[in-house]
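# Understanding the architecture of this molecule
So the chains spell out like this:
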Amino acid sequence: MTSGQTAGSGTEWYDYVSLSSEEGRRWVAEYRTDQYSVVPALAQKSLALLRIHEAAAGQEILLQIEDHLERIPFAPRSIFHVLERWLYGAVAYYHYVVENYEAAEKALERAHEVVTAAISHAPFLLPLANHCPEFVLHRARISRSRRRWDEMRRDIDTARRMTENRLPLCTLSDGATVDY
């Protein structure tokens, strides 16, 4: 199941974007073109390899994604930020697998930042905010691996409070907060 997908429904986060407005529909149509859709597909392929501890092969695909992003002649900032979300999420997992926990945490922070930037540029991308608690839970896993129990509990509590609507999912560039 990809992030933002509803279990058993086959619904993706961008389906909600498409339903939000005509602008959202146009955005999704562009996002799903071959030049962009290759990035989330490669990120999923990398994650699959990383899950079976094929770190070198997973990293090679991450390098392909970075190369692809550098070669895209022009992409709307919102699309580029969403593509970066997939890259940084996978990069974080790569670093987690190879036990470079500081780099994993930095990549998770960057993934959160690009989600926030994407929504700031294109408010119809609001469904992406649902990914933010996921980043916090991944940070909790890192803390667990480091045996930093207080940090782990704090991150779990933060994610819980986000999903219970007691903390914002993210704060946009204009200072507006996003919650459920």
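None of the values given here were measured: they were computed from a predicted structure.

Counting its secondary structure elements, the chain contains eight helices and two strands. For 180 residues, the compact-globule formula gives about 16 Å, and the C-alpha radius of gyration of the chain, at 16 Å, lands near that figure. Over its C-alpha atoms, taken along the principal directions, the chain stretches across nearly 50 × 40 × 35 Å. In the chain, which comprises 180 residues, the proportion classed as buried is 43%. Relative to all contacts within the chain whose residues are 6 or more apart in sequence, the contacts with residues 24 or more apart total 57%. Carbon and sulfur atoms make up 50% of the accessible area of the chain, which amounts to about 9600 Å² in all. In the chain, which carries 21 positive and 25 negative side-chain charges, the distance between the mean positions of the two groups comes to 5 Å.

A separate point is the packing of helix H1 (residues 13-20) against helix H2 (residues 22-31). Where H1 meets H2, the axes come as close as 6 Å, and the angle between the chain directions of the two elements is 140°. If you check the angle between H1 and H2, you find them oblique. Judged by residue contacts, Trp13, Tyr14, Val17, Ser18, Leu19 and Ser20 of H1 engage Gly24, Arg25, Trp27, Val28 and Tyr31 from H2. Along the lines of polarity and charge, the residues of the contact of H1 with H2 split into seven nonpolar, three polar and one charged.

What follows covers the environment of tyrosine 16. Within the secondary structure, tyrosine 16 is located in helix H1. Residue tyrosine 16 is classed as partly exposed on the basis of its relative accessible area of 42%. Taking the C-alpha atoms as reference, tyrosine 16 lies 32 Å from valine 97; in sequence the two are 81 residues apart.

We now examine the confidence of the model for the chain. Chain-level pLDDT for the chain is 93 on average; 94% of the residues reach the 70-or-more range. Low pLDDT (under 50) marks residues 1-8, which in the prediction has 18 contacts with non-local residues, meaning those over four places away or in another chain.

What follows deals with helix H3 (residues 34-51). Its 18 residues give H3 an end-to-end C-alpha distance of 26 Å, which sits within 8% of 26 Å, the value for a rise of 1.5 Å per residue. Phi turns positive, to about 60°, at histidine 53, one or two residues after H3.

Counting residues in hydrophobic clusters, the biggest one holds 53 residues, and the most contacted among them are Trp13, Trp27, Tyr31, Ile65, Val82 and Leu125. Within the residue set of this core, elements represented by two or more residues are H1, H2, H3, helix H4 (55-71), helix H5 (77-97), helix H6 (101-121), helix H7 (132-145) and helix H8 (149-163). Tallying contributions element by element places H5 first for this core, with 11 residues. Not counting the four nearest positions on each side in its chain, valine 82 is found in contact with Trp13, Trp27, Tyr31, Ala118, Leu125 and Leu128.

Conventions adopted
Residues numbered from 1 in each chain as written. Predicted model: local features only at pLDDT ≥ 70, side-chain atom pairs only at ≥ 80, totals over all residues. Heavy atoms only, no water. Helix = DSSP H or I, 4+ residues; strand = E, 2+ residues; numbered from the N terminus. Rg over C-alpha atoms; globule rule 2.2 N^0.38 Å. Buried < 20%, exposed > 50% of the residue type's maximum accessible area, 1.4 Å probe, protein only. Contact = heavy atoms within 4.5 Å. Areas by Shrake-Rupley, 256 points an atom, 1.4 Å probe, with all protein chains shown as cover. Lys, Arg positive; Asp, Glu negative; His and termini not counted. Charge placed at Lys NZ, Arg CZ, Asp CG, Glu CD. Axes fitted to C-alpha atoms, helices over the stretch in contact; angles between N-to-C directions. Parallel < 35°, antiparallel > 145°, perpendicular 65-115°, else oblique. Nonpolar A, V, L, I, M, F, W, Y, C, P; charged D, E, K, R; others polar. pLDDT = per-residue confidence, 0-100. Expected span 1.5 Å × (residues − 1). Core = buried A, V, L, I, M, F, W, Y, C linked by side-chain atoms within 4.5 Å.

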